[in-house]
Amino acid sequence: MSKVHNFSAGPCILPQEVLKQASDAVINFNNLNLSLIEISHRSKDFIAVMDKAQALVKELLNVPDGYSILFLQGGASLGFLEVPYNYMKIGGKAAYVNTGVWASKALKEAKGFGEVIEVASSKDKNFNYIPKNYQIPIDADYLHITTNNTIFGTQFKNIPISRIPLIADMSSDIFSKQVNVSQFDMIYAGAQKNMGPAGTTLYIVKDSSLGKTGRNIPTMLDLATHIKGESMFNTPPVFSIYVSMLTLQWLKDNGGVSWIEGINQQKADLLYNEIDNNPMFVGTANKVDRSNMNSTFILNNESLKDEFDKMWKAAGISGIVGHRDVGGYRASMYNALPIESVQALVDVMKEFAVKFG
Ligand SMILES: *Cc1c(COP(=O)(O)O)cnc(C)c1O
């Protein structure tokens, strides 16, 4: 099997050794002669998986005491709804920074609950930058941000200082760099961008932030239900949690978040340097806001598209076609993508310039 350089935006590349361990566990888990996916989630073997996954999140992100770590279902898209249900008071209001498609969807869900203030938006320039210097209303119940904008290739390099509770969708950059969890009342992230297979969503919840809305929250949408049930109020997505645990263990064994942050910076520098210096390409995101996870770029000369596409496909590169809202190309460089894959893309870009420049 020849090597494929997998730049998929999500679901995305996972470490090869994790895939191997996961496939073994599907056949024979812990030498039980049973599959991971055919045993009770309340068995001691699976409870150990859940405990370990939560402990790894806590350790890797330095989560302070007073926070609960949950692995739930529904994707980050259900998180968009859980946020106002659990955090917007009756008659209250919420503040959102609108930095892209996902941020807009989060904002839309809150609209049914009360007043929603869009404190800043980068829609005027097709979301190619992160707004700065905006007012955060101190009487809003929370401020919601999307730390990495998967589609547009922008990323908050500085987390806004907020006097009101801060909530973040970190789906596409969680575990890619260090964060100060104590700045947030709640963080949520779908697994499939940087942590594991689709099927579970990580929530990191400050316990004292809940129970303030006066709302009747449907049982399954009430984060308190899942804190009390230790992520096992109902059957959890066992496979996705198991593979996420393996990926977090892989991250820890290799040096943790500070280690991967350095590698991710090297990968991003390598690719952005080529985009900036190669006359055939133009980066679409504002330089200071460029994402280290998803790099978006277009061709200077669209008529050479077929030629470039042929070249990267021949080099074993996969998954760099841009999102339909931006066009062009998007190279996603999540944790498990080796720097050699970025080098392979850069080599093709250089070769393309030599041939057609
Ligand atoms: C992919 C993505 C989502 C949507 O996640 P689902 O798990 O598919 O609901 C939300 N936010 C961001 C930033 C994403 O990248």
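Preceding this section is the structure that the text describes.
Cut-off values and rules
Along each chain, numbering runs from 1 in the same order as the chain's sequence is written. A pLDDT threshold of at least 70 governs which residues receive local features in this predicted model, and a stricter bar of 80 or more applies before side-chain atom pairs are shown or counted, although totals over entire chains, interfaces and linings include all residues. Side-chain numbers here rest on the full set of heavy atoms in the structure, without hydrogens or water. Consider each residue's heavy atoms; a residue with any of them within 4 Å of a molecule or strand counts as near. The term polar contact refers here to a pair of N or O atoms within 3.5 Å; inside protein, the definition further demands a hydrogen-donor-capable atom paired with an acceptor-capable atom, and it admits residues adjacent in sequence only when both atoms are side-chain atoms. Areas reported here follow the Shrake-Rupley algorithm with a probe of radius 1.4 Å; residue values treat only the protein chains shown as occluding. Strands here mean DSSP runs of E at least two residues long; helices mean DSSP runs of H or I at least four residues long; both are numbered from the N terminus. Asp, Glu, Lys and Arg are counted as charged, while Ala, Val, Leu, Ile, Met, Phe, Trp, Tyr, Cys and Pro are counted as nonpolar; the rest, among them Gly, fall into the polar class. The pairing criterion for strands is at least two bridges between them, as found by DSSP. Note on definitions: angles span 0 to 180 degrees between N-to-C directions of axes, and those axes are lines fitted to C-alpha atoms, for helices only across the stretch in contact. Using a 1.4 Å probe on the protein chains alone, a residue whose accessible area is under 20% of its type maximum counts as buried, one over 50% counts as exposed, and one in between counts as partly exposed. Expected helix span is given by 1.5 Å per residue-to-residue step, counting one fewer step than there are residues. To get the bend at a given residue, fit one axis to the seven residues ending there, fit another to the seven starting there, and take the angle between those axes. Contacts were defined at the residue level, with two residues in contact if any of their heavy atoms lie within 4.5 Å. Put plainly, a pocket is an open set of points on a 1 Å grid over the protein atoms alone with protein on both sides within 12 Å along at least five of seven lines, a cavity is a set where a 1.4 Å probe fits but cannot get out, and a lining residue has an atom within 4 Å of a point. Grid points are joined across faces, edges and corners, and a volume is the space filled by probe spheres set on the points.

A. Just the site of the ligand, in detail. In the neighbourhood of the ligand, 13 residues make up the surrounding shell, with Ser-77, Thr-150, Asp-169, Gln-192 and Lys-193 lying closest. With respect to the ligand, the side chain of Thr-150 contributes an N or O atom lying 2.4 Å from an oxygen atom. A distance of 2.6 Å is found between an oxygen atom of the ligand and a side-chain nitrogen or oxygen belonging to Lys-193. Out of a free accessible area of 380 Å², the ligand has 88% covered by protein chains. Among the elements that make up the shell around the ligand, the one with the highest residue count is helix H3 (residues 75-87) (four residues). Its residues placed into classes, the shell around the ligand shows three nonpolar, eight polar and two charged.

B. Summary view of the sheet that holds strand S2 (residues 67-72). A sheet is described by the order of its strands in space; here seven strands give the open sequence S2-S10-S9-S8-S5-S3-S4, paired in mixed fashion. Looking at strand neighbours, the two that pair on one side only are S2 and strand S4 (115-121), the edges of this open sheet. Direction aside, the axes of adjacent strands within the sheet are offset by 15 degrees on average. Bridging between strand S3 (residues 93-98) and strand S5 (residues 143-146) involves two bridges; their strand directions are parallel. Its bridge partner lying in S5, Tyr-96 is registered against His-144.

C. How the structure looks around the environment of Tyr-96. Among the secondary structure elements, Tyr-96 is positioned in strand S3. You can call Tyr-96 buried: its relative accessible area is 0%. Once the C-alpha coordinates of Tyr-96 and Ile-117 are considered, the two residues, 21 residues apart in sequence, prove to be 6.2 Å apart. Of note is the side chain of Tyr-96, whose polar atom sits 2.7 Å from the side chain of Tyr-142.

D. Inspection of H3 at higher detail. With 13 residues, H3 extends 18 Å between its outermost C-alpha atoms, agreeing within 8% with the 18 Å of an ideal straight helix rising 1.5 Å per residue. A bend of about 30 degrees at Leu-81 is the largest found in H3, and the proline Pro-84 appears one to four places after it.

E. View of the side chain of Asn-194. With respect to the helices, strands and loops of the structure, Asn-194 is situated in the loop between strand S9 (186-190) and strand S10 (201-206). Given the relative accessible area of 5%, Asn-194 is considered buried. A polar contact is formed between the side chain of Asn-194 and the backbone oxygen of Ile-174, at a distance of 3.0 Å. Here the side chain of Asn-194 touches Asn-335 through a polar contact of 2.9 Å, landing on its backbone nitrogen. Once residues lying within four places of it in the same chain are set aside, the contact partners of Asn-194 are Cys-12, Ser-171, Asp-173, Ile-174, Phe-175, Ser-176, Met-293, Tyr-334 and Asn-335.

F. Fine view of the sheet that holds strand S11 (residues 281-283). Here we have three strands laid out as an open sheet, ordered S11-S12-S14, and antiparallel in their pairing. At either margin of the open sheet sits one strand with a lone partner, and together these are S11 and strand S14 (329-332). Sheet twist, expressed as the average angle between the axes of neighbouring strands with direction ignored, equals 35 degrees. Two strands pair when backbone bridges link them, and strand S12 (residues 294-299) and S14 are joined in this way by four bridges, in the antiparallel orientation. Considered in S14, the bridge of Ser-295 is made with Ala-331. The strands that helix H8 (residues 305-314) touches are S11, S12 and S14; relative to S14, the one it contacts most, it runs at about 20 degrees.

G. A look at the layout of surface pockets. Of the volumes computed, that of the second largest pocket is approximately 270 Å³. Lining the second largest pocket are 14 residues, and of these Asp-51, Gln-54, Ile-69, Ile-227 and Glu-230 sit closest to its centre. Contributions of two or more residues to the lining of the second largest pocket are made by helix H2 (44-60) and S2.

H. Layout of the pairing of S9. Of all five residues making up S9, five are buried, and the element is well covered by its neighbours. Neither face of S9 is open: one carries Met-186, Tyr-188 and Gly-190, the other Ile-187 and Ala-189, and all of them are buried. Here strand S8 (residues 166-169) pairs with S9 via three bridges, running parallel. From the neighbouring strand, Asp-169 faces S9, where its bridge partner is Tyr-188. Pairing geometry for S9 and S10, over five bridges, is antiparallel. Bridge pairing in S10 places Ile-187 opposite Ile-204.

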